[in-house]
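# Residue-level structural notes
Residue-level listing of the chains:
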Amino acid sequence: MKGYWGRILSIDLSDSAITAITPDERLYRDYIGGSGIGARLLYDMTGPETDPLGPDNPIIWMTGPFTGTKVPTSGRHQITSRSPLTGIFGESDAGGRFGTALKRSGWDGVIVKGMSDKPVIIVIRDDKVTIEPAGGVWGKDTFYTDKHMKERFGPSCETSCIGVAGEKLVPISCIGHDGENARMAGRCGFGAVMGSKKLKAVAVIGNRETEIADPERLMAQQKKMVPIIVEKTKGMHLLGTAGGTAAAEKMGDIPVQNWRRGNWPDAEKITGQVMADTILTKNYYCASCPIGCGRDVEIKNGKWAGVKGAGPEYETLGLMGGSCLVNDLEAITYAADLCNRHGVDTIEAGSAVAMAMECFEKGFLSRDELDGINAEWGSAEALVALTEKICSAEGVGKLLGLGVAGMARKIPGAESFAVHVKGLTFPAHDPRCFNTLALGYATSNRGACHLSSSAYFFEKTAVMPEFGYEKPRQRYTEGGEGLLNFHAQNLMGLMDSLKMCKFTIYGGVNVTEICEWYEAVTGIKTSVKEMAETGERIFNLKRLYNIRLGLRRKDDRLPERILSTPRRDEGTGDYTPDLEPMLDEYYRVRGWDDDGVPKPETIERLGLS
Amino acid sequence: MIKLKIRPEYAVLYGVDESSVLMPSAGETIRDYVVRSGIGKEENILPVVNNRAKPWDYSFSEGDVLEIYPMAASG
Ligand code: SF4
């Protein structure tokens with residue numbers, strides 16, 4: 001089997017046992033890698049009784065067959081664990097260079113379970129694997145930790161690490177990579193999983209390359225596709241994900257004032273264009289990426305001076321900007337930088353600040369309860385001050401660090417404006433703007449996730465000709481949301497397993513190209529149908545994980561604010577999603593019963609019995 | 001008369017000079033206009049008419065203001 005090492009590293013921090021697992025080839029065939037194998041391992045290793053912050057909850061770093069190869073945008077890895085934020089299936093994808101280094105160390109992935117008594121780091125130097133005292137990096141931020149590891153182990157060392165927020169078990173904490181370039185595995189609170197194990201960092205130094213089945217075929221495919229990808233994603237290269245900010249406001253996609261209204265002309269002040277004209281210093285490229293959507297920025301002067309590193313993504317601008325009505329790009333950049341250093345998800349942090357602002361306005365949280373912070377809408381100072389509190393887990397930061405679902409549990413009356421699904425807050429895309437996104441959020445296995453189906457890509461510019469979507473779907477077309485989500489979720493799960501950036505879809509990549517790359521890398525003959533079914537298997541396995549925890553149709557919900565409050569802007573008018581008929585169609589297409597449980601014949605067909 | 005505004009970020013991205021672009025006509029759909037004017041590809045454009053994102057089969061009326069936004073991907 002080419003494209004893999006055929007072995008996964010397993011480390012138990014309770015007894016320092018280090019072992020190599022050599023899975024059956026079937027695991028690689030059926031679940032591919034990344035998200036798929038991570039989900040299978042998690043399903044097999046945990047049960048409903050597993051405490052997300054206990055020793056029995058593993059945290060799994062997985063690469064895919066494409067990681068470490070020249071397949072465009074394949075420098076990615078997946079982290080899987082039971083989420084301490086939501087209590088359900090959790091996973092998070094990250095770019096950067098760590099995945100490539102892990103693959104080059106001769107391992108397809110690393111499973112860490114157990115719990116250490118003292119802070120430790122794991123060091124993987126090809127076959128030499130050690131558990132070492134964390135020493136001076138415990139208590140330090142992600143930028144420092146990454147830099148320190150490079151100084152200690154050499155410039156090719158790549159690190160997956162937590163900041164102080166993860167050490168303090170903040171539920172919205174996350175895992176950082178690439179130091180100040182901050183490629184974060186942001187979602188699902190995995191910083192706290194590492195913190196609970198007293199695991200500060202996994203440092204990897206790898207110098208090997210997996211064997212490719214057909215290098216010439218891979219090269220030919222590169223030559224064909226890279227220029228197309230580069231041409232079609234020119235906007236992302238020049239303006240980053242933030243390039244869509246002004247258009248998102250016009251369409252009614254960006255959240256405004258904690259998702260309660262539409263227009264926000266101040267979006268003009270925080271666009272990718274403004275960033276490019278002011279603080280942008282250069283592009284950042286994840287490994288093997290020809291697009292380079294990442295932003296490197298620097299703020300040299302003024303109130304928010306001192307930032308040097310990753311600039312804010314669209315999601316961050318949407319939540320810390322639009323949702324808080326903060327129109328100060330430098331203040332948002334500063335707050336995001338705090339999150340990156342401390343290892344906090346900017347989506348959850350921005351959402352928590354917006355919710356705190358609404359609580360302050362409504363009298364649910366007083367200025368005293370907010371540690372004296374004047375949390376008025378639009379206050380850049382309040383955004384930064386509250387973010388500092390979250391990052392340090394001090395004072396009111398302990399409340400906000402629970403995320404919006406956790407805040408709603410603590411603040412009577414606040415659930416009506418807590419915007420989340422299954423405990424995970426919304427990214428900066430509004431399901432009142434794309435009805436397929438409404439269904440995608442409701443049914444995503446990790447909670448409100450725009451990347452699990454990315455169905456809205458196919459209402460903007462993307463196509464899936466192999467599944468009959470020759471042209472982008474018109475927004476608000478009625479019917480067919482279930483079928484589109486079915487195909488899109490299966491495709492995204494597949495990409496998360498092979499490890500490819502989903503932005504290649506905007507670059508014209510589809511299942512046909514994916515099959516071509518898969519065959520060239522692994523030498524395994526495949527087809528569009530087989531790949532789609534693999535994506536379907538992976539999605540259903542994650543669903544079954546949550547079914548085992550008791551989740552059903554009642555949990556495939558959207559928040560009250562979204563269902564009952566139209567944005568009333570020029571982009572979306574009075575539209576609110578009518579979820580029930582969409583769920584009916586979706587369950588039918590998926591082969592699930594009316595309560596959202598996969599039927600026995602579906603389980604059988606997908607080999608999940 | 002229909003007014004055309006090209007957002008600066010679109011103009012920079014795709015090298016379009018607003019002053020030399022053909023104007024839309026009443027009765028014409030956005031899709032037909034984009035093809036006729038050669039202003040760019042459907043997949044790269046978010047068409048906004050009178051401040052509102054519009055579908056590609058929208059037909060212009062006199063007095064409309066068409067703005068061309070880049071349909072840059074966003075997260
Ligand atoms: S497109 Fe952006 S996020 Fe995706 S791999 Fe490239 S640099 Fe990373």
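Residue numbers here run from 1 along each chain, matching the order of that chain's written sequence. Chain letters and ligand numbers both follow the written order, the letters beginning at A and the numbers at 1. A pLDDT threshold of at least 70 governs which residues receive local features in this predicted model, and a stricter bar of 80 or more applies before side-chain atom pairs are shown or counted, although totals over entire chains, interfaces and linings include all residues. Neither water nor hydrogens contribute to the side-chain values; these are computed over all heavy atoms in the structure.

## Thoughts on the overall build of chain A
- Only runs of H or I of at least four residues qualify as helices and only runs of E of at least two qualify as strands under DSSP, and these elements are numbered from the N terminus. Broken down by element type, chain A carries 24 helices and 17 strands.
- The atom set for the radius of gyration is the C-alpha atoms, and the globule formula is 2.2 Å times the number of residues raised to the power 0.38. Relative to its length of 609 residues, chain A is compact, with a C-alpha radius of gyration of 22 Å against a globular reference of 25 Å.
- Projected onto the principal axes, the alpha-carbon positions of chain A cover approximately 60 × 55 × 50 Å.
- When each of the 609 residues of chain A is scored for burial, the buried share is 68%.
- The contact criterion used throughout is that any non-hydrogen atoms of two residues lie within 4.5 Å. For chain A, long-range pairs separated by at least 24 residues make up 71% of all intrachain contacts whose partners lie at least 6 apart in sequence. Note on classification: 1.4 Å probe, protein chains only; a residue is buried when its accessible area is under 20% of the maximum for its type, exposed when over 50%, partly exposed between these limits.

## Description of the pattern of salt bridges
All names here are of chain A.
- A pair is scored as a salt bridge if a Lys or Arg side-chain nitrogen falls within 4 Å of a carboxyl oxygen belonging to Asp or Glu. A full pass over the atoms with the stated rule returns 54 salt bridges over all chains.
- Here Lys499 makes a salt bridge to Asp93, at a shortest N to O gap of 2.8 Å. Of this pair, Lys499 sits in the loop between α19 (481-498) and α20 (511-522) while Asp93 sits in strand β5 (residues 89-94), placing them 406 residues apart in sequence.
- Across the pair Glu533 and Arg605 runs a salt bridge, and its minimum N-O distance is 3.9 Å. With Glu533 in helix α21 (residues 528-548) and Arg605 in helix α24 (residues 600-605), this pair connects stretches of sequence that are 72 residues apart.

## Topic: the sheet that holds strand β13 (residues 280-284) of chain A
Residues and elements named next belong to chain A.
- The pairing criterion is simple: DSSP has to find at least two bridges between the two strands. Strand order in the open sheet formed by three strands is β13-β14-β15, and the pairing between neighbours is antiparallel. Strands with a single pairing partner mark the edges of an open sheet, and in this sheet they are β13 and β15 (308-310). Within this sheet the neighbouring strands show an average axis-to-axis angle of 20°, counted without direction.
- Here strand β14 (residues 294-298) pairs with β15 via three bridges, running antiparallel. Following the sheet pairing, Val297 is matched in β15 by Gly309. Axes here mean lines fitted to C-alpha atoms, for a helix over just the part in contact, with angles spanning 0 to 180 degrees between N-to-C directions.

## Description of the environment of A:Ala220
- As for its position among the elements, A:Ala220 is in helix α7 (residues 215-232).
- Measuring from C-alpha to C-alpha, the distance between A:Ala220 and A:Ala520 comes to 9.9 Å, with 300 residues separating the pair along the chain.

## Describing the sheet that holds strand β3 (residues 52-53) of chain B
- Read across the open sheet, the four strands follow the order β1-β4-β2-β3 (chain B); overall the sheet is mixed. On the outer flanks of this sheet lie β1 (3-6) and β3 of chain B, each paired with one strand and no other.

## A word on helix α16 (residues 403-410) of chain A
- Of all eight residues in α16(A), six are buried; the element is thus mostly enclosed.
- The elements touched by buried residues of α16(A) are α13 (346-362), α15 (397-400), β16 (420-421) and β17 (424-425) of chain A.

## A short note on the interface of chain B and chain A
- Counting residues at the interface gives 23 residues for chain B, matched by 33 residues for chain A.
- Here chain B and chain A share two salt bridges between them.
- Measuring nitrogen to oxygen at the nearest pair gives 4.0 Å for the salt bridge that ties B:Glu42 to A:Lys471.
- Mapped by element, the contributors of at least two residues to the side of chain B that touches chain A are α1 (8-14), β2 (45-49), β3 and β4 (65-70) of chain B.
- Examining the composition of the side of chain B that touches chain A, we find that three residues originate from one element, α1(B), more than from any other.
- Residue type decides the class: Asp, Glu, Lys and Arg count as charged, Ala, Val, Leu, Ile, Met, Phe, Trp, Tyr, Cys and Pro as nonpolar, and the leftover types, Gly among them, as polar. Of the residues in the side of chain B that touches chain A, the class split is 12 nonpolar, four polar and seven charged.

## Some words on helix α14 (residues 380-392) of chain A
Residue and element names in this part refer to chain A.
- Between its terminal C-alpha atoms α14 stretches 18 Å, which fits the 18 Å expected from 13 residues at 1.5 Å a residue.
- Of the surrounding elements, those touching the buried residues of α14 are α5 (164-167), α11 (314-321), α12 (329-342), α13 and α15.
- Positive phi appears at Ala393, one or two residues downstream of α14, with a value of about 55°. One fewer than the residue count of a helix, multiplied by 1.5 Å, yields its expected span.

## Points about the nonpolar core
Residues and elements named next belong to chain A.
- Core analysis: the biggest nonpolar cluster contains 160 residues, and Met355, Leu386, Leu400, Phe426, Phe458, Leu491 and Ile514 have the highest contact counts within it.
- No other element matches the 10 residues that α13 contributes to this core.
- In this structure Ile514 touches Phe66, Leu491, Leu494, Met495, Leu498, Met500, Val509 and Met531, once residues within four positions along its chain are discounted.
- The term nonpolar core refers to a set of buried residues drawn from Ala, Val, Leu, Ile, Met, Phe, Trp, Tyr and Cys, joined through side-chain atoms within 4.5 Å. Counting residues in each nonpolar core, the second largest holds 27 residues, with Leu13, Trp61, Val110 and Ile122 among its members.

## Quick notes on the packing of aromatic side chains
Residues and elements named next belong to chain A.
- Two aromatic rings, drawn from Phe, Tyr or Trp (for Trp, its six-membered ring), form a pair once their centres lie within 6.5 Å of each other, and the interplanar angle then sorts them: stacked below 30 degrees, edge-to-face above 60, tilted otherwise. Counted according to the given criterion, the structure contains 19 aromatic pairs over all chains.
- Both rings, one in Tyr43 and one in Tyr545, keep their centres 6.3 Å apart while their planes meet at 65°; by these two values the pair is edge-to-face. Placement of Tyr43 in helix α2 (residues 34-45) and of Tyr545 in helix α21 is noted, with a sequence separation of 502 residues between them.
- For Tyr545, a relative accessible area of 1% gives the class buried.
- Measuring from centroid to centroid gives 5.2 Å for Trp259 and Phe426, while their planes differ by 75°, and the two rings are edge-to-face. With Trp259 in the loop between α9 (245-251) and α10 (272-278) and Phe426 in the loop between β17 and α17 (435-443), the pair connects residues that are 167 residues apart, well separated along the chain.
- Judged by its relative accessible area of 0%, Trp259 falls in the buried class.

## Examining the site of the ligand
Residues and elements named next belong to chain A.
- A cutoff of 4 Å decides nearness: a residue is near a molecule or strand if any of its heavy atoms lies inside that distance of it. Taken together, the neighbourhood of the ligand is formed by Thr73, Arg76, Arg183, Tyr284, Cys286, Cys289, Ile291, Gly292, Cys293, Cys501 and Phe503.
- In terms of residue class, the shell around the ligand is made up of seven nonpolar, two polar and two charged.
- Mapped onto the domain boundaries, the shell around the ligand takes at least three residues apiece from domain 1 (8-205) and domain 2 (240-425). Boundary definitions for the domains trace back to an automatic or database domain assignment.

## Here's the deal with the layout of surface pockets
- Think of a 1 Å grid over just the protein atoms. A cavity is a set of points where a 1.4 Å probe fits yet cannot get out, a pocket is an open set with protein on both sides within 12 Å along at least five of seven lines, and lining residues have an atom within 4 Å of a point. Grid points are joined across faces, edges and corners, and a volume is the space filled by probe spheres set on the points. Within this model, the largest pocket holds a volume of roughly 760 Å³.
- A:Glu459, A:Lys460, A:Thr461, A:Pro472 and B:Trp56 are the residues nearest the centre of the largest pocket, which is lined by 43 residues in total.
- Elements represented by at least two residues in the lining of the largest pocket include exactly α8 (234-239) and α18 (457-460) of chain A together with β2 and β3 of chain B.
- Considering only residue class, the lining of the largest pocket consists of 20 nonpolar, 10 polar and 13 charged.

## As for the state of the cysteines
Residues and elements named next belong to chain A.
- A pair of sulfur atoms, both from cysteines and within 2.5 Å, is called a disulfide here. Following the criterion strictly, the structure yields zero disulfides over all chains and no others.
- Of the cysteine sulfurs around Cys161, a residue in no disulfide, the closest is that of Cys174, at 9.8 Å.
- Cys161 sits in the buried class, given a relative accessible area of 2%.
- Its sulfur unpaired, Cys433 is 17 Å from the next cysteine sulfur, which belongs to Cys449.

## Things to note about the domain arrangement of chain A
All names here are of chain A.
- Looking at the assigned domains, one finds that chain A contains domain 1 (8-205), domain 2 (240-425) and domain 3 (435-605).
- Between the C-alpha centres of domain 1 and domain 3 there is a distance of 26 Å.
- The interface is formed by 38 residues belonging to domain 1 together with 31 residues belonging to domain 3.
- Summed over the shared surface of domain 1 and domain 3, the result is two salt bridges.
- Measuring nitrogen to oxygen at the nearest pair gives 2.8 Å for the salt bridge that ties Lys542 to Glu91.
- Polar contact is the term for a pair of N or O atoms within 3.5 Å; when the atoms are in protein, one must be able to donate a hydrogen and the other to accept it, and sequence-neighboring residues count only if both atoms are side-chain atoms. Where domain 1 touches domain 3, the interface holds 16 residue pairs in polar contact (both at pLDDT 80 or more).
- Those elements giving two or more residues to the side of domain 1 that touches domain 3 turn out to be α1 (25-31), α2, β4 (77-82) and β5.

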